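# Breakdown of the fold
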Amino acid sequence: MAYIEFNHVIKEYPAGDSTIRALDDADFHIEEGRLAIVLGQSGAGKTTALNILGGMDTATQGSVLVNGRDITRLSHKELVMYRRTDIGFVFQFYNLIPSLTALENVELASQISDDHLDPAQTLGKVGLGKRLNNFSSQLSGGEQQRVSIARAIAKKPKLLLCDEPTGALDYATGKQILQLLQDVNRNEGITVIIITHNNAIAPMADQVIHFRSGKVMGSTLNPSPTPVADIEW
Ligand SMILES: Nc1ncnc2c1ncn2[C@@H]1O[C@H](COP(=O)(O)OP(=O)(O)OP(=O)(O)O)[C@@H](O)[C@H]1O
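Residues numbered from 1 in each chain as written. Predicted model: local features only at pLDDT ≥ 70, side-chain atom pairs only at ≥ 80, totals over all residues. Heavy atoms only, no water.

Next up on the list: the nonpolar core. One broad trend across soluble globular proteins is that nonpolar side chains are buried collectively. Core analysis: the largest hydrophobic core is formed by 38 residues, its most contacted members being Leu123, Ile149, Leu160, Ile194 and Met204. Elements with a contribution of two residues or more to this core: strand E3 (35-39), helix H3 (102-110), helix H5 (141-153), strand E7 (159-163), helix H6 (171-188) and strand E8 (191-195). Beyond its immediate sequence surroundings of up to four residues, Met204 is in contact with Leu35, Ile37, Leu178, Gln182, Arg186, Ile194, Pro225, Thr226, Val228 and Ile231. Of all hydrophobic cores here, the second largest spans 30 residues; its members include Val9, Leu161, Ile195 and Phe211. (Core = buried A, V, L, I, M, F, W, Y, C linked by side-chain atoms within 4.5 Å. Buried < 20%, exposed > 50% of the residue type's maximum accessible area, 1.4 Å probe, protein only. Helix = DSSP H or I, 4+ residues; strand = E, 2+ residues; numbered from the N terminus. Contact = heavy atoms within 4.5 Å.)

Turning our eyes to something else, we now look at the packing of aromatic side chains. Using the criterion set out here, one finds 4 aromatic pairs in the structure. Between Phe89 and Phe91, the aromatic rings sit 5.8 Å apart at their centres with planes inclined by 10°, giving stacked as the arrangement. For Phe89, a relative accessible area of 16% corresponds to the buried category. Overall, the relative accessible area of 30% leaves Phe91 in the partly exposed class. Cluster of aromatic residues (ring-pair linked, three or more members): Phe6, Phe28 and Phe211. (Phe/Tyr/Trp six-rings, centres within 6.5 Å; stacked < 30°, edge-to-face > 60°.)

Two elements, strand E1 (residues 4-15) and strand E4 (residues 61-66), share 5 bridges in a ladder whose sense is antiparallel. When the sheet's bridge partners are listed, Ile10 is paired in E4 with Gln61. Sheet topology note: the E4/strand E5 (residues 69-70) ladder contains 2 bridges and is antiparallel. Considered in E5, the bridge of Val66 is made with Arg69. Linking E4 back to E5 in an antiparallel pair, the connection comprises 2 residues, with Asn67 at a positive phi of about 55°. (Pairing = 2+ DSSP bridges.)

Written out as structure tokens, the structure is:
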């Protein structure tokens, strides 16, 4: 059994008298410890799939197993614990609390999980050891994204879900963030899933999953991923 089993998932949203089918029998599996990239055009269902995997949305039909547990069958309380302890999220816009320092932003998220890393050390890991006391307005976009990655990994998640993590960053900064995510995957052993529109970064992944019109059109394994530093686009 794979670590993640996204089995024939259908997701429909009500839209007036009809429904929008965001996922249409979407099916993919990911082994533990992999870095997977999810590609697909706008509206293909990528974010919907990630939100269901992260326990932020629910499937209309199908099952979603994470480490053998069907998260579509969890109670509300179990889902809250799943989001708190098992999942780290990184979004395109960093969603830091502006009135808190970098350290306080990471501390706040760490506190909701009993078993967490030291917030200051985690900020050191992402290269911000000297910026602990800066507010987000005093940090560049890339630095703010590093804080959001530190916030996500300080909870010691088993799975890190990243939705367009470089969408708001320039080329060089985006590349550094992707390198950091590849390092987190390799060094911490966290399974990482990255949604992107940028097909060129596919070689950095162990697995590439293609979405189209709510379906998974293909899932390919890459036995020798390329370090991000060696990829140009
Ligand atoms: N909460 C919602 N209510 C209604 N429709 C929704 C909702 N969330 C998503 N959809 C619809 O489901 C479809 C898939 O959306 P989704 O955001 O998953 O696509 P995506 O591949 O992530 O696109 P993008 O790359 O633009 O973010 C779209 O048609 C979208 O409008």
